[in-house]
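Here's the letter readout for the chains.
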Amino acid sequence: GAVVSQHPSWVICKSGTSVKIECRSLDFQATTMFWYRQFPKQSLMLMATSNEGSKATYEQGVEKDKFLINHASLTLSTLTVTSAHPEDSSFYICSAKGELRSNQPQHFGDGTRLSIL
Amino acid sequence: GESVGLHLPTLSVQEGDNSIINCAYSNSASDYFIWYKQESGKGPQFIIDIRSNMDKRQGQRVTVLLNKTVKHLSLQIAATQPGDSAVYFCAENRATNAGGTSYGKLTFGQGTILTVHP
C-alpha cells in the first residue's frame with residue numbers, strides 16, 4: 001500500500017488565492033521531505049528540501065515567498081502556493097525519506113494537480 | 001529550469017517484445033541510480049536501483065545496466081506487457097558533498113514514453 005499520502009489530489013481555484021497541499025508519511029517518520037513540480041510531458045524538477053523543524057532549502061530559481069513549505073512534524077509537510085496565478089498550474093509531487101524498512105531512497109506521493117483559473 | 005518545447009522520447013513496442021530505455025546522466029560524482037515508472041496522474045513508482053560499484057542488476061523482468069565510463073544507464077524490460085506502458089525516468093543521487101554529508105537529493109532525467117501495443 002501507499003506509504004506517502006498527498007492531499008488534495010486535484011484542486012481548481014481562482015487566481016489570487018492561496019492553496020495548501022499536504023504530504024503525509026504513513027507508518028514511518030520522514031526526516032526529510034522533498035517537493036517537486038512537473039509540467040506536462042516534462043520531468044520532475046526539485047523545488048525544495050525540507051527537514052523536520054528547520055527551514056526548507058529551496059532550489060535555485062524557486063521563490064521561497066511564493067512556495068511556503070512547513071515541515072512541522074516527522075509525518076507532515078505542507079506546501080502553500082501563495083497568491084496563485086495560472087502559470088503556477090502544474091502537478092506537484094512530494095516524497096519522503098526516513099527510517100523505513102526499504103532500500104528506496106524516497107517514497108513518492110501520488111501528486112496534486114493544481115489548476116488556477 | 002523548464003525545457004520549453006522539449007518532447008519526451010518515445011518508444012513503441014509490441015506486447016512480448018523486449019524494451020530498452022536509455023538515459024544519460026551528467027554528474028560523474030553520482031553514486032546511486034534509480035529507475036522510476038510514472039503512470040498518468042500518479043507519482044513515480046520505484047522499479048530498480050543500482051549503485052556505482054556495480055554495472056548490472058537484475059530484478060523481475062527488468063535489468064539495469066550502468067556504464068560509468070560514458071555516464072549511461074539503461075533499463076531493459078523483458079516480455080513487455082501493455083501494463084508496462086508509462087513514462088520511465090532515470091534518477092541519479094548526488095554523492096556526498098565536500099563536508100561529507102549526503103543530501104539524498106534525486107535529479108531526474110528527461111523521461112521516455114513507453115507504449116506497448118497488444
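Residues numbered from 1 in each chain as written. Chains lettered and ligands numbered in written order. Predicted model: local features only at pLDDT ≥ 70, side-chain atom pairs only at ≥ 80, totals over all residues. Heavy atoms only, no water.

Peer 1: Would you take a moment to explain the interface of chain B and chain A for this structure?
Peer 2: How big an interface is tends to be expressed through the accessible area that disappears when the partners come together. Taken residue by residue, the interface counts 24 residues in chain B and 23 residues in chain A. On inspection of chain B and its partner chain A, the count reaches one salt bridge. Close ionic contact of Lys105 of chain B with Glu59 of chain A constitutes a salt bridge, the shortest N to O distance being 2.8 Å. For the side of chain B that touches chain A, the secondary structure elements donating two or more residues are strand 3 (32-38), strand 4 (45-51) and strand 9 (106-108) of chain B. Per-element accounting of the side of chain B that touches chain A gives the leading share, four residues, to strand 3 of chain B. Grouping the constituent residues of the side of chain B that touches chain A by class yields 12 nonpolar, eight polar and four charged. (Contact = heavy atoms within 4.5 Å. Salt bridge = Lys/Arg side-chain N within 4 Å of Asp/Glu carboxyl O. Helix = DSSP H or I, 4+ residues; strand = E, 2+ residues; numbered from the N terminus. Nonpolar A, V, L, I, M, F, W, Y, C, P; charged D, E, K, R; others polar.)

Peer 1: Explain the pattern of salt bridges to me, please; I cannot follow it from the model alone.
Peer 2: Two side chains of opposite charge can pair, provided their charged atoms sit close to one another. Residues and elements named next belong to chain B. The full count for this structure, using the stated rule, is six salt bridges over all chains. With a shortest N-O distance of 2.2 Å, Arg57 and Asp49 are connected by a salt bridge. Arg57 gets classed as partly exposed once you look at its relative accessible area, which sits at 31%. (Buried < 20%, exposed > 50% of the residue type's maximum accessible area, 1.4 Å probe, protein only.)

Peer 1: Could you clarify how one ought to interpret the state of the cysteines in this entry?
Peer 2: In a disulfide, the sulfur atoms of two cysteines are held together by a covalent bond. Residue and element names in this part refer to chain A. According to the stated counting rule, one finds two disulfides over all chains in the structure shown. Linked covalently through their sulfurs, Cys23 and Cys94 form a disulfide whose S-S length is 2.0 Å. Handedness here is read from the sign of the S-S torsion; for Cys23 and Cys94, about 80°, the answer is right-handed. Remark: Cys94 occurs in strand 9 (residues 90-98) and Cys23 occurs in strand 3 (residues 19-25); sequence separation between them is 71 residues. Both residues of the pair, Cys23 and Cys94, count as buried. Here Cys13 stays unpaired: no disulfide links it, and the sulfur of Cys94, its closest cysteine neighbor, is 18 Å away. Judged by its relative accessible area of 14%, Cys13 falls in the buried class. (Disulfide = S-S within 2.5 Å.)

Peer 1: Any chance you could explain the nonpolar core here in plain terms?
Peer 2: Inside soluble globular proteins, nonpolar side chains tend to come together where they are buried. Membership of the largest hydrophobic core comes to 23 residues, with the highest contact counts inside it found for Trp35, Leu79, Tyr92 and Leu114 of chain A. Elements represented by at least two residues in this core include exactly strand 2 (10-13), strand 3, strand 4 (30-38), strand 5 (44-51), strand 7 (67-73), strand 8 (76-81), strand 9 and strand 11 (112-116) of chain A. The residues contacting Leu79 of chain A, other than those within four sequence positions of it, are Val19, Lys20, Ile21, Trp35, Phe67, Leu68, Ile69 and Tyr92 of chain A. Counting 19 residues, the second-largest nonpolar core is a separate cluster that includes Ile21, Tyr25, Cys90 and Leu114 of chain B. (Core = buried A, V, L, I, M, F, W, Y, C linked by side-chain atoms within 4.5 Å.)

Peer 1: For this particular structure, what's the right way to read the side chain of Gln38 of chain A?
Peer 2: In this structure, Gln38 of chain A sits in strand 4. Polar side-chain contacts of Gln38 of chain A include one of 2.8 Å to the side chain of Gln38 of chain B. Excluding residues within four positions of it along the chain, Gln38 of chain A makes contact with Ser43, Leu44, Ser90, Phe91 and Ile93 of chain A together with Gln38 and Phe89 of chain B. (Polar contact = N/O pair within 3.5 Å; in protein donor to acceptor, adjacent residues only side chain to side chain.)

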